[in-house]
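Listed below are the residues making up each chain.
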Amino acid sequence: MIISLYFFQPILIFWGLTKSPINYEFIASPFIYIIIVLISLFLLLLVNKKIFSNRTDQSTYLAIALVGNTGNIGIPLGIALFGIESVPYTSIINIANVLFIYMFSVYFFAREQYSLKDAIISILKIPGIWFAFLALFINYQGITINKHIYNALEMGAYTSMVIQLLIFGMYLFSVKIKSIPWYLSLHISFVKHIFLPLIGIFIVIYFTNLNSFVASILIMELMVPLAVNNVNLAALYDCRPFNVAATILISTSIFIFLLYFYIEIIKYFIK
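Residues numbered from 1 in each chain as written. Predicted model: local features only at pLDDT ≥ 70, side-chain atom pairs only at ≥ 80, totals over all residues. Heavy atoms only, no water.

## A word on the overall build of the protein chain
Point 1. A count of helices and strands for the protein chain gives 12 helices and zero strands.
Point 2. Traced from its N-terminal end to its C-terminal end, the protein chain shows the element sequence α-α-α-α-α-α-α-α-α-α-α-α.
Point 3. Per-residue burial for the protein chain yields a buried fraction of 54% across its 271 residues.
Point 4. Here the analysis covers contacts within the protein chain between residues at least 6 apart in sequence; of these, 85% occur between residues at least 24 apart.
Point 5. In the structure as shown, the protein chain presents an accessible area of about 13000 Å², 71% of it carried by carbon and sulfur atoms. (Helix = DSSP H or I, 4+ residues; strand = E, 2+ residues; numbered from the N terminus. Buried < 20%, exposed > 50% of the residue type's maximum accessible area, 1.4 Å probe, protein only. Contact = heavy atoms within 4.5 Å. Areas by Shrake-Rupley, 256 points an atom, 1.4 Å probe, with all protein chains shown as cover.)

Here you go:
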C-alpha cells in the first residue's frame, strides 16, 4: 500500500497531466467536475452529523462518498461508450478526482488520527500533490518529455492501477457478509449513485455550455462506483479499511445494475 501511495500514484498523476496539451476544453471539464463535487461535499457537511452519530463513520462518509473510480472503470467505460476520443477527457477528469482525494479525502481520514494542523501537514506530505504541480508546470511550459522516459511513466501508471486492484482484493478477502456495515454502505452508495449524478446533471444542463460529447463524459464520470484508492487511504490512516472495502464492493454491485439506466439518462438529458 505504501509503495502504491508514495511511488506509483505520483507516477500515474504525472503521466496523466502530461498526456495532452492544456487548452480550454481540457481545463473546463475537470474544473466543472470539481465544482460539482465540492457543492455536493458542502451539502453532505450539513447533514452528515444527523445521519451518523459516530465520528469515524462521519469521516468515512465524507471521505469516500464522492470519490469515484474514474480511472480503472471511468477510462475504459468512456472508450466503450464514446470511443478512443474520450481518453483525454476521462484522463484529466481522473486527475481532478485524484487531487480531490489528496486534498479533501485525506483530511477527513487524517482527522481521526491528527489535529487540524497535523492533518494539513499530513496532506502536504502526500507526494501526489507535488507531482501534480510539477506536471502542470511542465505541460504549461511545453517542455518535451523524452520518449523513453514517457514509456516508463506509462508503464508505472498502469502498474499503479493493477496494484490498487490487488490491494482492494486483499482487504476484500477478509470481509465477511455478516460484518458488512450496511447502514454506512447504503448511505454512501445513495450519495454516489443517486445524489451526486443528479447534482451533476442539474449543473451541467443549466449552468454550463459544454458540448454534448464532453458533457456526456463528465456525467458518466460522476456515475462510476467508488474508487479503490479509498482503501489505500483508509488503511494508511487506520480508518476502518475493511468497512471501506465492503462499501466499495456494494457500490460496484449497485453500479452494475444501474449502468443501463445511466446510459439511458445520458442519452435523454444530453442532446
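## Quick notes on the packing of helix α3 (residues 55-64) against helix α9 (residues 182-207)
Point 1. Viewed as axis vectors pointing N to C, α3 and α9 meet at an angle of 25°, and their least axial separation amounts to 10 Å. Taken together, the axes of α3 and α9 are roughly parallel relative to one another. Crossing geometry of α3 relative to α9 is assigned as right-handed. Packed against α3, whose contacting residues are Asp57, Thr60, Tyr61 and Ile64, the element α9 presents Leu184, His187, Ile188 and Val191 at the interface. (Axes fitted to C-alpha atoms, helices over the stretch in contact; angles between N-to-C directions. Parallel < 35°, antiparallel > 145°, perpendicular 65-115°, else oblique. Left-handed = near helix turned anticlockwise from the far one by under 90°.)

## Looking at the nonpolar core
Point 1. If you look at the biggest cluster of nonpolar residues, it comprises 77 residues, and the most contacted ones within it are Ile36, Tyr61, Leu66, Tyr102, Phe109 and Leu218.
Point 2. Here the element with the most residues in this core is helix α5 (residues 87-110); it accounts for 13 residues. (Core = buried A, V, L, I, M, F, W, Y, C linked by side-chain atoms within 4.5 Å.)

## Observations regarding the packing of aromatic side chains
Point 1. Using the criterion set out here, one finds 10 aromatic pairs in the structure.
Point 2. Where Phe82 meets Phe213, the ring centres are 6.0 Å apart and the plane angle is 85°; that geometry is what we call edge-to-face. Within this pair, whereas Phe82 is found in helix α4 (residues 74-82), its partner Phe213 is found in helix α10 (residues 212-223), the two being separated by 131 residues in sequence.
Point 3. Both rings, one in Tyr260 and one in Phe261, keep their centres 5.5 Å apart while their planes meet at 80°; by these two values the pair is edge-to-face.
Point 4. Linked through ring pairs, Phe52, Tyr61 and Tyr183 together constitute an aromatic cluster. (Phe/Tyr/Trp six-rings, centres within 6.5 Å; stacked < 30°, edge-to-face > 60°.)

## Re empty space enclosed by the protein
Point 1. A full pass over the atoms with the stated rule returns two cavities of 30 Å³ or more.
Point 2. For the second largest cavity, the calculated volume is near 40 Å³.
Point 3. Considering the residues around the second largest cavity, the lining is formed by Leu77, Leu81, Met220, Met223, Phe255, Leu259, Tyr262, Ile263 and Ile266.
Point 4. Of the residues forming the lining of the second largest cavity, the biggest block, five residues, is contributed by helix α12 (residues 241-269).
Point 5. Taken together, the residues that form the lining of the second largest cavity break down as nine nonpolar, no polar and no charged. (1 Å grid on protein atoms, 1.4 Å probe; cavity = no way out; pocket = protein on both sides within 12 Å on 5 of 7 lines; lining within 4 Å. Points joined across faces, edges and corners; volume = space filled by probe spheres on them. Nonpolar A, V, L, I, M, F, W, Y, C, P; charged D, E, K, R; others polar.)

## A closer look at the side chain of Asn97
Point 1. The residue Asn97 is located in helix α5 in this model.
Point 2. Engagement of the side chain of Asn97 in a polar contact is seen with the backbone oxygen of Gly68, the distance being 2.8 Å.
Point 3. With residues up to four places along the chain from it excluded, the contact list for Asn97 reads Tyr33, Leu66, Val67, Gly68 and Thr70. (Polar contact = N/O pair within 3.5 Å; in protein donor to acceptor, adjacent residues only side chain to side chain.)

## Some remarks on unusual backbone geometry
Among all residues except glycine, the phi angle is most often negative; among peptide bonds, the trans geometry is most common.
Point 1. The backbone of Arg240 sits at a positive phi, close to 50°, despite the residue not being glycine.
Point 2. Looking at the secondary structure, you find Arg240 in the loop between α11 (229-236) and α12.
Point 3. Overall, the relative accessible area of 34% leaves Arg240 in the partly exposed class.

## A word on the packing of α5 against α10
Point 1. Orientation of α5 relative to α10, taken along the N-to-C sense of each, is 40°, at an axis distance of 10 Å. When the interaxial angle is binned, α5 and α10 end up oblique. In terms of crossing hand, the pair formed by α5 and α10 is right-handed. Residues Tyr89, Thr90 and Ile93 of α5 form the contact with α10, whose own contacting residues are Phe213, Val214, Ile217, Leu218, Met220 and Glu221.
Point 2. A class-by-class count of the residues in the contact of α5 with α10 yields seven nonpolar, one polar and one charged.

## Thoughts on α11
Point 1. Buried residues dominate α11, accounting for seven of its eight residues.
Point 2. Among the residues of α11, those classed as buried are Asn229, Asn230, Val231, Asn232, Leu233, Ala234 and Ala235.
Point 3. After α11 finishes, the residue Asp238 shows a positive phi value of roughly 50°.

## Quick look at the pattern of salt bridges
Point 1. In total, this model carries one salt bridge according to the counting rule given.
Point 2. Arg240 is the partner of Asp57 in a salt bridge, and the nearest nitrogen-oxygen pair spans 2.6 Å. Here the residue Asp57 occupies a position in helix α3, and Arg240 occupies one in the loop between α11 and α12, the gap between them amounting to 183 residues.
Point 3. On the basis of relative accessibility, which here comes to 17%, the residue Asp57 falls in the buried class. (Salt bridge = Lys/Arg side-chain N within 4 Å of Asp/Glu carboxyl O.)

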